[in-house]
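Geometric and topological summary
These are the residues of each chain, in order.
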Amino acid sequence: MKSQIEVEIILETPIKTAVNILETYGFNLDEIDLCSSITDLEFIKAVINIYHHLKKNNMESIIMHKILNFVHNNNIELVEDIFKDKVSPSMLSHLLNKKEVYKRDYEDNTKAWMQFIGNLDAENSEIIFNYINKKK
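Quick caveat, the model's predicted, so the values are computed rather than measured.

1. A closer look at the overall build of the protein chain
Looking only at helices and strands, one finds 7 helices and 0 strands in the protein chain. Moving toward the C terminus, one meets the helices and strands of the protein chain in the order α-α-α-α-α-α-α. A buried classification covers 37% of the 136 residues belonging to the protein chain. For the protein chain, the share of sequence-separated contacts (at least 6 apart) that also reach a separation of at least 24 residues comes to 62%. In the form shown here, the protein chain has an accessible surface area of approximately 8500 Å², with 52% of it arising from carbon and sulfur atoms.

This is the structure:
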């Protein structure tokens, strides 16, 4: 089992990367307490996941802007439209259940989106990434 110090060292670089991304796009980091809430850590995790996907495709700045705007400007109810006809009925049901849990638990559309995106597997992350990237 890793000690708290080892975990902090392992997380230090990706969290700094995520913080830099958030600051670049105008997030008020004074309102995010990295030590007190799993919600904040999951938010950072979602940003890191998005960042790594973008870096892999060499499109960091343009696509990151689109994703952050998408999360800010679209209701999480859009999940069904994004995934229907792209996943099995059982997976769609699972995703819709998760969406409802995040929506209820966080009572904040942006936080619900970040939890949802941050917890997607690679295949479903690709689906939402493609949807956002193709959206005009």
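2. Here's the deal with the packing of helix α5 (residues 89-106) against helix α6 (residues 109-118)
The interhelical angle for the contact between α5 and α6, taken along N-to-C directions, is 140°, at an axis separation of 8 Å. By the angle between their directions, the pair α5 and α6 is classed as oblique. Where α5 crosses over α6, the two elements pack in a sense that is right-handed. Residues L95, K99, Y102, K103 and Y106 of α5 lie in contact with α6, whose contacting residues are K111, A112, Q115 and F116. Considering only residue class, the contact of α5 with α6 consists of 5 nonpolar, 1 polar and 3 charged.

3. Regarding the pattern of salt bridges
Close approach of charged atoms allows side chains of opposite charge to pair. Taken as a whole, this structure holds 6 salt bridges when the rule is applied. Residue E77 pairs with K103 through a salt bridge whose shortest N-O separation is 2.3 Å. Placement of E77 in the loop between α3 (60-73) and α4 (79-83) and of K103 in helix α5 is noted, with a sequence separation of 26 residues between them. Here E100 ties to K103 by a salt bridge, and the two come within 3.8 Å at their closest N and O atoms. With a gap of 3 residues between them, E100 and K103 both fall in helix α5, about one helical turn apart. On the basis of relative accessible area, E100 is assigned to the partly exposed category, the value being 34%. Taken together, the salt bridges that share partners define one network made up of E77, K99, E100 and K103.

4. As for α5
Residues spaced three or four apart along an α-helix point in a common direction, a consequence of the helix completing one turn every 3.6 residues. Taking 1.5 Å as the rise per residue, α5 with 18 residues should run 26 Å; its terminal C-alpha atoms sit 26 Å apart, in good agreement. Of all the positions in α5, only L92, L95, L96, K99 and Y102 are classed as buried. Buried residues in α5, looked at end-on, bunch into an arc of 125°, giving them a common side. Within α5, the exposed residues directed more than 90 degrees away from the buried face are S90 and R104. The inward-facing, buried residues of α5 abut α4, α6 and α7 (122-134).

Criteria and cut-off values
- Residues numbered from 1 in each chain as written.
- Predicted model: local features only at pLDDT ≥ 70, side-chain atom pairs only at ≥ 80, totals over all residues.
- Heavy atoms only, no water.
- Helix = DSSP H or I, 4+ residues; strand = E, 2+ residues; numbered from the N terminus.
- Buried < 20%, exposed > 50% of the residue type's maximum accessible area, 1.4 Å probe, protein only.
- Contact = heavy atoms within 4.5 Å.
- Areas by Shrake-Rupley, 256 points an atom, 1.4 Å probe, with all protein chains shown as cover.
- Axes fitted to C-alpha atoms, helices over the stretch in contact; angles between N-to-C directions.
- Parallel < 35°, antiparallel > 145°, perpendicular 65-115°, else oblique.
- Left-handed = near helix turned anticlockwise from the far one by under 90°.
- Nonpolar A, V, L, I, M, F, W, Y, C, P; charged D, E, K, R; others polar.
- Salt bridge = Lys/Arg side-chain N within 4 Å of Asp/Glu carboxyl O.
- Expected span 1.5 Å × (residues − 1).
- Arc of directions from axis to C-beta.

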